[in-house]
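An overview of the molecular structure
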Amino acid sequence: MRHEIVSVNSDLEARFYLSIDAGSYVPPHWHDSLELVYMIEGTMTVIYENRKEVLHSGEFNIVNSRVIHSVLSEKNKALVLQIPKEILRKFIPNIELYTFMVSMAPSTDVEKTRLMKMKKIFMDMHVIYDIRPEGYLLRFNSLLYELLFSLVHSYSSRLVQKEFDRNEGRFEKVVPIMNFLKEHYREKCMISKLAEHFGYHEDYIARIFKKQLGMTVMEYVYAIRISKVYIDLINTDDTVNNIFEAHGCTNYKVAMRHFKEKYGCTPKEKREIVRHMSWKEVQMLPSPFYEPFGEQNS
């Protein structure tokens, strides 16, 4: 399966970093880790199968493990914490049955106090990891475990095994289709080809894909194409037309429309924006698509 590579920091059991984003789009993907994003400046929209979450300055959200989602960002600065499932499983053996959600609109004083505490933990983690005084890992890890304890006790719900099995079954059906489309994204996409390859009825493929990703098969294919176009735009001097053609975007108008929807500007404008960024800023740009990683072990 293909999913996001979540590597831990060399000195931590999790991955923690400051993300500076000039505006980007990450197509539907998933990861085994629990992911928390705390927005310091700007905005970001996380898109799930049937809902969107807009993250503003001073807010954070949680993306649960093995949940397919895409990310549409405007210019922002955020703290990102990704916790491998194996770390959580050491303390909660049946962690797969837990889902986490935090409301940014608490209704009681207790909930407001709890939310402010969570935000403070995030900022304290950032400060201690940025300064790194002697013994900083003791403090950072104490904050990490305090955060996880709060999540489990205040922001979690538990699925029954039957519901978990049903969700997992749907996930296991749609992910191979996503992988197949990523391999063949340059080709003309025919539902009949997918149906023949996987042995499903065409209507069934269209239905499960729309239900799990919240988009059609062709919308997903163009999400992949546009992400590949973006990579070449910022890493080569090739013309926009040639880049479009190289990634299967033979319908220029449709490809341009998808690009503008994802990045809020034309390809030429996006290329100019990136070229005027510093090298450090370019290095911190989020990867627009993730490479194959087999089974996740970290």
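Residues numbered from 1 in each chain as written. Predicted model: local features only at pLDDT ≥ 70, side-chain atom pairs only at ≥ 80, totals over all residues. Heavy atoms only, no water.

1. Brief notes about the confidence of the model for the protein chain
- Overall, the predicted model of the protein chain reaches an average pLDDT of 87, with 90% of residues at or above 70.
- Long-range and interchain partners of residues 1-6, a stretch whose pLDDT sits below 50, account for 35 contacts in this model, where long-range means more than four residues apart.
- Within the model, the stretch residues 288-298 combines pLDDT values under 50 with 39 contacts to residues more than four positions away or in other chains. (pLDDT = per-residue confidence, 0-100. Contact = heavy atoms within 4.5 Å.)

2. Some points on the packing of aromatic side chains
- Using the criterion set out here, one finds 17 aromatic pairs in the structure.
- One aromatic cluster in this structure is built from Phe16, Tyr129, Tyr136 and Phe140.
- The ring centre of Tyr25 lies 5.1 Å from the NZ or CZ of Lys262, which sits over that ring. (Phe/Tyr/Trp six-rings, centres within 6.5 Å; stacked < 30°, edge-to-face > 60°. Lys NZ or Arg CZ within 6 Å of the ring centre and 35° of its normal.)

3. Looking at a positive patch on the surface
- Together, Lys162, Arg166, Arg170 and Lys211 line one region of the surface with positive charge.
- With 3 residues, the top contributor of residues to the positive patch is helix H4 (residues 161-183).
- In this structure, Arg166 sits in helix H4. (Patch = residues over 30% accessible without salt bridge, like charges linked within 9 Å, V, L, I, M, F, W, Y side chains within 5 Å. Areas by Shrake-Rupley, 256 points an atom, 1.4 Å probe, with all protein chains shown as cover. Salt bridge = Lys/Arg side-chain N within 4 Å of Asp/Glu carboxyl O. Lys, Arg positive; Asp, Glu negative; His and termini not counted. Charge placed at Lys NZ, Arg CZ, Asp CG, Glu CD. Helix = DSSP H or I, 4+ residues; strand = E, 2+ residues; numbered from the N terminus.)

4. Looking at the nonpolar core
- Counting residues in each nonpolar core, the largest one holds 38 residues, and the members touching the most others are Ile68, Leu181, Phe209, Leu213 and Tyr220.
- Breaking this core down by element, the ones donating at least two residues are H4, helix H5 (191-198), helix H6 (202-213), helix H7 (217-235), helix H8 (240-246) and helix H9 (252-263).
- Each residue touching Ile68, except ones within four places of it in the same chain, is listed here: Pro28, His29, Trp30, Ile47, Tyr48, Phe171, Val174, Val175, Met178 and Leu213.
- Among the nonpolar cores identified, the runner-up in size contains 33 residues, and Phe60, Val102, Phe122 and Phe140 belong to it. (Core = buried A, V, L, I, M, F, W, Y, C linked by side-chain atoms within 4.5 Å. Buried < 20%, exposed > 50% of the residue type's maximum accessible area, 1.4 Å probe, protein only.)

5. With respect to empty space enclosed by the protein
- Across all of its chains, the model carries 4 cavities of 30 Å³ or more by this definition.
- In this model, the second largest cavity occupies a volume close to 70 Å³.
- Together, Phe180, Leu181, His184, Tyr185, Glu187, Lys188, Cys189, Met190, Lys193, Leu194 and Val221 line the second largest cavity.
- Those elements that place two or more of their residues in the lining of the second largest cavity are H4 and H5. (1 Å grid on protein atoms, 1.4 Å probe; cavity = no way out; pocket = protein on both sides within 12 Å on 5 of 7 lines; lining within 4 Å. Points joined across faces, edges and corners; volume = space filled by probe spheres on them.)

6. Side note on the environment of Leu181
- Tracing the backbone through its elements, the reader meets Leu181 in helix H4.
- The buried category is assigned to Leu181, whose relative accessible area is 4%.
- Between the C-alpha atom of Leu181 and that of Met218, which follows or precedes it by 37 residues, the distance is 9.5 Å.
- Excluding anything up to four places from it in sequence, Leu181 contacts Cys189, Leu194, Phe209, Val217, Tyr220, Val221 and Ile224.

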